[in-house]
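Observations on chain architecture
Listed below, chain by chain, are the residues.
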Amino acid sequence: QVQLVESGGGLVQAGGSLGLSCAASGRTFSNYAMGWFRQAPGKEREFVASISSSGVATYNADSVKGRFTISRDKAKNTVYLQMNSLKPEDTAVYYCAASRTAGVVTTTSGYTYWGPGTQVTVSS
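Before going into details, it helps to say that this report is about the structure given with it.

1. Digging into the overall build of the protein
On a plain count of helices and strands, the protein comes out with zero helices and 11 strands. Tracing the protein from N to C terminus, the helices and strands come up as β-β-β-β-β-β-β-β-β-β-β. For the protein, whose C-alpha radius of gyration is 13 Å, the value lies close to the compact-globule estimate of 14 Å for 124 residues. Along the three orthogonal principal directions, the C-alpha set of the protein runs to about 40 × 25 × 25 Å. The buried share of the protein, taken over its 124 residues, is 41%. Treating the 11 positive side-chain charges of the protein as one cloud and the 7 negative ones as another, the clouds have centres 7 Å apart.

2. Description of the sheet that holds strand β8 (residues 78–83)
Read across the sheet, four strands follow the order β1-β3-β8-β7 without closing on themselves; strand pairing throughout is antiparallel. Either end of the sheet is taken by a strand with one partner, and the two such strands are β1 (2–7) and β7 (68–73). Looking at each pair of strands side by side, their axes are set apart by 15° on average, direction ignored. As paired strands, β7 and β8 are joined by six bridges and run antiparallel to one another. Its bridge partner lying in β8, Arg72 is registered against Val79.

3. A short note on the packing of aromatic side chains
Going through the model one piece at a time under the given rule, you end up with six aromatic pairs. Chaining the aromatic ring pairs together yields one cluster made of Phe37, Phe47, Tyr59, Tyr111 and Trp114. Taking the ring centre of Tyr95 as reference, the NZ or CZ of Arg45 above it sits at 3.7 Å. Lying across the ring of Trp114, Arg45 places its NZ or CZ 4.9 Å from the centre.

4. What about the pattern of salt bridges?
Counted according to the given criterion, the structure contains four salt bridges. A salt bridge links Arg38 to Asp90; its shortest N-O distance comes to 2.9 Å. With Arg38 in strand β4 (residues 33–39) and Asp90 in the loop between β8 and β9 (92–99), the pair connects residues that are 52 residues apart, well separated along the chain. Residue Arg38 is classed as buried on the basis of its relative accessible area of 6%. Taking relative accessible area as the criterion, Asp90 reaches 1% and is therefore assigned buried. A single network of salt bridges, built from pairs that share partners, joins Arg38, Glu46, Arg67 and Asp90.

5. So, unusual backbone geometry
For Asn77, which is not glycine, the phi dihedral falls at a positive 50°. In this structure, Asn77 sits in the loop between β7 and β8. A relative accessible area of 29% places Asn77 in the partly exposed class. Not every positive phi belongs to a glycine, and Ser85 is a case in point at roughly 50°.

Cut-off values and rules
Residues numbered from 1 in each chain as written. Predicted model: local features only at pLDDT ≥ 70, side-chain atom pairs only at ≥ 80, totals over all residues. Heavy atoms only, no water. Helix = DSSP H or I, 4+ residues; strand = E, 2+ residues; numbered from the N terminus. Rg over C-alpha atoms; globule rule 2.2 N^0.38 Å. Buried < 20%, exposed > 50% of the residue type's maximum accessible area, 1.4 Å probe, protein only. Lys, Arg positive; Asp, Glu negative; His and termini not counted. Charge placed at Lys NZ, Arg CZ, Asp CG, Glu CD. Pairing = 2+ DSSP bridges. Axes fitted to C-alpha atoms, helices over the stretch in contact; angles between N-to-C directions. Phe/Tyr/Trp six-rings, centres within 6.5 Å; stacked < 30°, edge-to-face > 60°. Lys NZ or Arg CZ within 6 Å of the ring centre and 35° of its normal. Salt bridge = Lys/Arg side-chain N within 4 Å of Asp/Glu carboxyl O.

Quick look at the structure:
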């Protein structure tokens, strides 16, 4: 069992930056690939970024490439999402997720554990 808790959400103006954190507890964090997803009102949950269990491989959705960076700190059992050049369309609830596989995973079905989410609102 893995427990995930996101933090760092909030309100930011367009063009600004925000950093999200996801603290993991429970089973060995380093064995899991991690991901970030987001869900805007009335829309399906969509993939944002993923990082492999080793931390070597990462993959971002096209919509956030060049703006968002995913990273992980195994010593702190934490995964991060640094978001720069934020746009109003980035407004959503952001979820952290853990996958039992080692490589990057881009689908919601590939993740077993989910955090409760944190709200990010980007004003224009």
